[in-house]
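A closer look at the structure
The chain contents come next:
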Amino acid sequence: MMHIAVAFLKEDILRKVILALAVASSIASSAWAHSGGTDSNGCHTNHSNGTYHCH
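So, a few notes on the structure that sits alongside this text. (Residues numbered from 1 in each chain as written. Predicted model: local features only at pLDDT ≥ 70, side-chain atom pairs only at ≥ 80, totals over all residues. Heavy atoms only, no water.)

**Side note on the overall build of the protein**
Helix and strand counts for the protein come out as one helix and two strands. With 55 residues in all, the protein has 5% of them scored as buried. Entry remark: accessible area of the protein is about 4800 Å², with carbon and sulfur atoms responsible for 68%. (Helix = DSSP H or I, 4+ residues; strand = E, 2+ residues; numbered from the N terminus. Buried < 20%, exposed > 50% of the residue type's maximum accessible area, 1.4 Å probe, protein only. Areas by Shrake-Rupley, 256 points an atom, 1.4 Å probe, with all protein chains shown as cover.)

What follows is the structure, given as structure tokens:
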């Protein structure tokens, strides 16, 4: 009976780890996106290298 409880506990921990990684991944990807003072086309100039790009 103890073996079933240990297996369930490991499965529960694995689910929590996967959920935490998914949440962290979504937070990180939303942090990369930025408004950066976009114009009406959703674009802006990166002043560090002079490139113009759109989001």
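**As for the pattern of salt bridges**
Per the counting criterion, the structure on display carries two salt bridges. Between R15 and E11 there is a salt bridge, with the nearest N and O atoms lying 2.6 Å from each other. Of this pair, R15 and E11 both sit in helix 1 (residues 2-32), four residues apart, which is roughly one turn of that helix. For E11, a relative accessible area of 41% puts it in the partly exposed group. Residue D12 pairs with K16 through a salt bridge whose shortest N-O separation is 3.4 Å. Of this pair, D12 and K16 both sit in helix 1, four residues apart, roughly one helical turn. (Salt bridge = Lys/Arg side-chain N within 4 Å of Asp/Glu carboxyl O.)

**As for the state of the cysteines**
Within the structure shown, the criterion is met by one disulfide. Each sulfur in the disulfide pair C43 and C54 lies 1.7 Å from the other. Measuring the twist about the S-S bond at about 90°, one finds the C43-C54 disulfide to be right-handed. Highlighted residues: C43 in strand 1 (residues 43-46) and C54 in strand 2 (residues 51-54), separated in sequence by 11 residues. Classification of C54 by relative accessible area gives partly exposed; the value is 48%. (Disulfide = S-S within 2.5 Å.)

Interpretation note: all reported values are geometric properties and have no functional meaning in isolation.
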